[in-house]
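# Notes for the structure review
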Amino acid sequence: MANYKIRKIKDRFMCILVWLALLMALIPLFSILGEVVLKGASSINVNFLTQPTPTVGEAGGGVANAMQGTVLAVGLASLIGVPIGLMSGIFLSEYSETKLSPAVRFFNDVLNGFPSIVIGIFGYTIIVLSIGFSVMAAAFALAIIMIPIVTRTTEEALKLVPATVREAAIALGVPRWKTIVSVVLSGAKKGIATGILLSLARIAGESAPVLVTMGYWRWWFAGLDKPVANLALNIYIFAISPFENWQTLAWGSALVLVTLILGISVIVRIFTQEKY
Amino acid sequence: MSRLIDTGLEQLTSMVFRMGELAHKTVSLSLNGYIEGTNAYEEVQSLSEMLITIADEAENKAFELIARFQPVASDLRILKSYMKITYDFARYGRYALDVSQIARLGGLKQCEDWIRQSIREMSEKVLGMVRTSVNSLKSHDTNLARALSETEKQVDSMYFEYLNRLVEKAPATNRCTISSVLVVRYLERIADHATYIGESIIYLATGEKVTLR
Amino acid sequence: MFSPYKFEIESLNAWFGSKHVLKNINMKIKEKAVTAVIGPSGCGKTTFIRCLNRMHEIVPGAKVSGRVLFNGIDIYNEDVDPVQIRRKMGMVFQKPNPFPMMSIYDNVAAGLKLNGIKDKEKLDSVVERSLKLAILWDEVKDDLNKSGASLSGGQQQRLCIARALAVEPEVMLMDEPCSALDPIATAKIETLIRMLAEDYTVVIVTHNMQQAARVSDFTAFLYLGELIEFGPTKEIFENPKSELTEKYITGEFG
């Protein structure tokens, strides 16, 4: 009997510890969100969302072109990064018996851990030195950051599809590639979408590689071979500036960025919702 | 490794073996009573009834095993054979009872020597067949079982021979003639059932369906 | 070339890496009959049936040798496309495996859709026919858009059977189809199997001997990768020729 009482006490103690840990994990999240919303909300108005970046001393201004730039950069990067990441993920999951597979996985893991500034410098060397600071260069660097994330999450999502599903399709006389495309991928689409989302969120917030491939820019889009404004970079530049209105702009930009990412999450969730 | 069905099979087997011994005793008692002219009727009757009871029990047991254990192959053949054999044993008892009933007319004590001799010979042979049928069942000895075929032919010829002699000698219709005619008929039938038992034993042991007559 | 045998299996051997799983199997499987394959765990019966539709070789490290004549043609010949072979044979697995993201309708139509058939009328009629064949139509006809996974175990298995039947195979290969089901669902599927035997050749692997006895016309007994005995079910279960078979089916081992 005494044993049981002690167990109950231990159990309760552990529960409390776990709840405390949860709180400690949630506090930073909510405090950051709260701060961003509080400090940034005051900046949001129509002007803010439609005006381009202001110069030194200019009043007002907004994040319109920065939004445009971020969307462009992230979009372009996805065009390159998502297909490559998807294909790699499919390769690692569905063709894991080939000899190439362990090597691919290894290099993918290495790339995953690369410091983003180093990838940025790589992008500088390849693209900027020939074409100059540009959206293309930024997209290139961001794509490289994106690929390992998409690869890994795609592979994990595909692995979760039970082998019996593949077997059933093959037994029906469906060629292997079609099995993967029609049956396995659709079974994993929620996981894959989540993975792509994660990678989008990651690169939307990268400032260091953008800095070395595109630089600070405050005008609208002027061509793929030219730079364009960027939300993450703007936040960095404005936040460390001595101008108060720029600092306010920084908070506003942060709020916009967070909202943008949240928006993408919601949309993707809606589209990949299971019908059942 | 013992299987679930084994306990039931053992119970059924001991029932059948017990029945065999009982049947042999019944036939022996009854034939003896007839030949010596002693009254064995009550005893034979109660033994015969016991045989019928055991046959019923055995049949129920066999069906229980079938329903519960879905036996196949050798197990199934054993059950099929046992059910036939218990019927044949019960028939032994029945014919033994018939002989005892006839014996109440008077038995062979007062009859001619040649009649007594013939009946005695035939009875010994048939009782031997009953004994063999029980023994070969216990040991699953198919050779013994097959040997019954030969003996049955002998009994058959003894049967016809006796009837012929009766017709030849044409004694006046009296107790001995009538009772002996009936009794040799029963003896011939007992011999037949012994061969049926032999056939069932061969099926049980080898799966072969033969005719021994 | 007319032959009453759907399959003629000659010197079939199969390996998983270095493990020799099937040893020199020779067997002729009659068409439009049910052939059961029985044997203790690990005897190779699942491997055997998977060699019939070339599913064994998709496992890395698996190897097959020998000939399997299907309608007179060796399916292991170099020129033969395994995908085409698999279309002619429906397969049902131990654990029901309907496609999880698809509705009942889509599950049954999957084989056809994935082969390019888009005509809605044709799909509708095939789905209905297949579900009726699998004795599932009445239970699901009111809501074909329900998820395949929302059905009970027995219904899911019948759904898988319907899915296999939809591509109009000639053969149904069933690997312990009732293992995961309750007795009533099992009985329904056994009845279904006997009905299927009128038009299809059925090969069923089962570890349940009574099921093999109930459902099949011919029975093959495999032990440690070898074919020990093969014959009409009635003979195998009344008077088997091999002592090993006798011991196995009376439960003395296995």
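Check the entry above for the structure.
None of these values were measured; they are calculated from a predicted model.

What follows is about the overall build of chain A. Along the backbone of chain A there are eleven helices and zero strands. Along chain A, helices and strands appear, N-terminal first, in the series α-α-α-α-α-α-α-α-α-α-α. Oriented by its inertia axes, the alpha-carbon framework of chain A measures out at about 70 × 60 × 35 Å. Burial analysis of chain A (276 residues in total) assigns 37% to the buried set.

Once that is clear, we can look at the interface of chain C and chain B. Between chain C and chain B, the contact holds eleven residues from the first and nine residues from the second. Looking at the side of chain C that touches chain B, the elements that each hand over two or more residues are α8 (209–215), α9 (233–238) and α10 (243–249) of chain C. For the side of chain C that touches chain B, a count of residues per class yields four nonpolar, four polar and three charged.

A separate point is the sheet that holds strand β7 (residues 171–175) of chain C. All names here are of chain C. Read from one edge to the other, the open sheet built from six strands follows the order β6-β7-β8-β3-β9-β10, with strand pairing classed as mixed. Of all the strands in the sheet, the pair left with one neighbour each is β6 (89–92) and β10 (226–232). Each adjacent strand pair in this sheet contributes to an overall mean axis angle of 15°, direction not counted. Examined bridge by bridge, strand β9 (residues 218–223) and β10 share six bridges and lie antiparallel to one another. Each residue of the ladder has a partner; that of T219, found in β10, is G231.

With that settled, consider the sheet that holds strand β2 (residues 19–30) of chain C. All names here are of chain C. Overall, antiparallel pairing links the four strands, which are arranged β2-β1-β4-β5 in an open sheet. The open sheet is flanked by β2 and β5 (73–74), the only strands paired with a single partner. Here strand β4 (residues 62–70) pairs with β5 via two bridges, running antiparallel. Counted as the bridge partner of L69 is D74 from β5. Contacts from helix α1 (residues 45–52) reach β1 (5–16), β2 and β4 within the one sheet, and its direction differs from that of β2 by about 60°.

Residue-level contacts link 17 residues of chain A with 21 residues of chain C. Among the secondary structure elements, those contributing two or more residues to the side of chain A that touches chain C are α7 (163–171) and α8 (176–204) of chain A. The greatest single-element share of the side of chain A that touches chain C, amounting to six residues, is contributed by α7 of chain A. Of the residues that constitute the side of chain A that touches chain C, the class distribution is nine nonpolar, five polar and three charged.

Another aspect to go through is the packing of helix α3 (residues 64–94) of chain A against helix α10 (residues 231–239) of chain A. Residue and element names in this part refer to chain A. Between α3 and α10, whose axes approach to 8 Å, the crossing angle comes to 130°. It follows that α3 is oblique to α10 by the angle criterion. Here A66, M67 and T70 of α3 lie close against α10, whose contacting residues are L231, A232 and N234. Looking at side-chain class alone, the contact of α3 with α10 contains four nonpolar, two polar and no charged residues.

Quick look at unusual backbone geometry now. Despite not being glycine, H140 of chain B shows a phi value in the positive range, around 50°. Unusually for a residue other than glycine, N24 of chain C sits at a positive phi of about 50°. Note on placement: N24 of chain C falls in strand β2.

All names here are of chain A. As for its position among the elements, M136 is in helix α6 (residues 135–160). By C-beta crowding, M136 is classed as buried, having 22 other C-beta atoms within 10 Å. C-alpha separation for the pair M136 and A73, spaced 63 residues apart in sequence, amounts to 7.7 Å. If we ignore the near neighbours within four places in the chain, the residues touching M136 are I127, I131, L224 and D225.

A few words on the pairing of β6 of chain C. For a regular strand, the rule is simple: side chains alternate between the two faces of the sheet. Residues and elements named next belong to chain C. Burial along β6 is two-sided: the residues M89 and M91 and G90 and V92 are all buried. Bridge analysis of β6 against β7 gives four bridges, and the strand direction is parallel. Each residue of the ladder has a partner; that of V92, found in β7, is M174.

Procedures and definitions
Residues numbered from 1 in each chain as written. Chains lettered and ligands numbered in written order. Predicted model: local features only at pLDDT ≥ 70, side-chain atom pairs only at ≥ 80, totals over all residues. Helix = DSSP H or I, 4+ residues; strand = E, 2+ residues; numbered from the N terminus. Buried ≥ 20, exposed ≤ 12 C-beta atoms within 10 Å, placed from the backbone. Contact = placed C-beta atoms within 7 Å. Nonpolar A, V, L, I, M, F, W, Y, C, P; charged D, E, K, R; others polar. Pairing = 2+ DSSP bridges. Axes fitted to C-alpha atoms, helices over the stretch in contact; angles between N-to-C directions. Parallel < 35°, antiparallel > 145°, perpendicular 65-115°, else oblique.

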